[in-house]
Amino acid sequence: MSKIVVVTSGKGGVGKTTTSAAFAAGLAKRGFRTVVVDFDVGLRNLDLIMGCERRVVYDFVNVINGDANLNQALIKDKRLDNLCILPASQTRDKDALTQEGVEKVLDELRESFDYVVCDSPAGIERGAMLAAYYCDEAVVVTNPEVSSVRDSDRMLGLLASKTRRAERGEEPIREHLLLTRYSPQRVDKGEMLSVDDVREILAIELLGVIPESQAVLQASNAGVPVVLEESTDAGQAYDDAVARFLGEEREHRFLVEKRGFLGRLFGG
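Residues numbered from 1 in each chain as written. Predicted model: local features only at pLDDT ≥ 70, side-chain atom pairs only at ≥ 80, totals over all residues. Heavy atoms only, no water.

Colleague: How would you sum up helix α10 (residues 195–202)? Please name residues and give values.
Modeller: Restricting attention to buried positions, one finds in α10 the residues Val195, Val198 and Leu202. Buried residues of α10, viewed axially, fall in a sector of 70 degrees; they line one side. Residues of α10 that are exposed and point over 90 degrees away from its buried face: Asp196 and Glu200. Just downstream of α10 lies alanine 203, where phi reads positive at about 55 degrees. (Buried < 20%, exposed > 50% of the residue type's maximum accessible area, 1.4 Å probe, protein only. Helix = DSSP H or I, 4+ residues; strand = E, 2+ residues; numbered from the N terminus. Arc of directions from axis to C-beta.)

Colleague: For the packing of aromatic side chains, give the residues involved together with the corresponding values.
Modeller: Counted under the stated rule, the structure contains five aromatic pairs. Residues phenylalanine 23 and phenylalanine 245 carry aromatic rings whose centres are separated by 5.0 Å and whose planes lie at 80 degrees to one another, so their mutual orientation is edge-to-face. Here phenylalanine 23 is found in helix α1 (residues 16–29), whereas its partner phenylalanine 245 is found in helix α12 (residues 233–245), with 222 residues between them in sequence. Assessed through its relative accessible area of 1%, phenylalanine 23 is described here as buried. Three or more aromatic residues joined by ring pairs make a cluster, and in this case those are Phe23, Phe32, Tyr115 and Phe245. (Phe/Tyr/Trp six-rings, centres within 6.5 Å; stacked < 30°, edge-to-face > 60°.)

Colleague: For the pairing of strand β2 (residues 34–38), give the residues involved together with the corresponding values.
Modeller: Each regular strand shows side chains that alternate between the opposite faces of the sheet. Buried residues dominate β2, accounting for five of its five residues. Going residue by residue along β2, you find Thr34, Val36 and Asp38 tucked away on one face and Val35 and Val37 tucked away on the opposite face as well. Relative to strand β4 (residues 83–86), β2 runs parallel, the two sharing four bridges. Residue valine 37 lies in a different strand from β4, and its bridge partner there is leucine 86. Pairing geometry for β2 and strand β5 (residues 115–119), over five bridges, is parallel. Each residue of the ladder has a partner; that of threonine 34, found in β5, is tyrosine 115. (Pairing = 2+ DSSP bridges.)

Colleague: Report on the sheet that holds strand β6 (residues 137–142), specifying residues and quantitative values.
Modeller: Strand order in this open sheet of eight strands is β3-β4-β2-β5-β1-β6-β7-β8, and the pairing throughout is mixed. Two strands lie at the open edges of the sheet, namely β3 (75–76) and β8 (205–211), each paired on one side alone. Taken together, the two bridges between β3 and β4 define a ladder with antiparallel strand orientation. Directly across from lysine 76, in β4, lies its bridge partner cysteine 84.

Here is the structure:
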């Protein structure tokens, strides 16, 4: 059965779009028919991170308005045959998304894909709430800092009360915590929250910890989902997260500082 997964957070700049691209590519790499949908109308960054910005002709809003059908707007990824992107509009505002239009498009996508990954804009305005409203599962992305965690806690409250599942009294949305830009060195110095601190505040299942890494920026600039950069720490961390999402048991890596031979020898 097809599932809708929203990638969300309360705060901007935590890595939602990077996560949406990596998560969708990771699912497709495992053989699932996957589409990733950009809900950030007016800003549109998903196509850049996916490396298909020059191929955008029609977008999400065009489909809602009937200017194009879904097949015309979907962009097939060149690296993974079973991955598609539905870009957002850069020239419209958030009000261009209607609840009826979003529902119609998502229902149509469910018929063709195993997973529909919704890249939510930041905050709790219309686009973010529409991205979350129809979801079955949520990946809540947060940085290990107080303001980011607090905003994610607010988003968890909305997922529990303002979605279709909540309105209908159905089984709650399954929530997963993804902690990004994590630096064990900075945790040790007291400059950021630890994994245990964040888990204690949010009290949801830990899906993965993504280390602070240059690989994320380099992959984004190259238009490659970082999960496909398999030799990098961030790529491996996202691959682990996708595996756990699918039910595999994987040990959490990147929680402690990597030390060289001399550091281990002298306990530094």
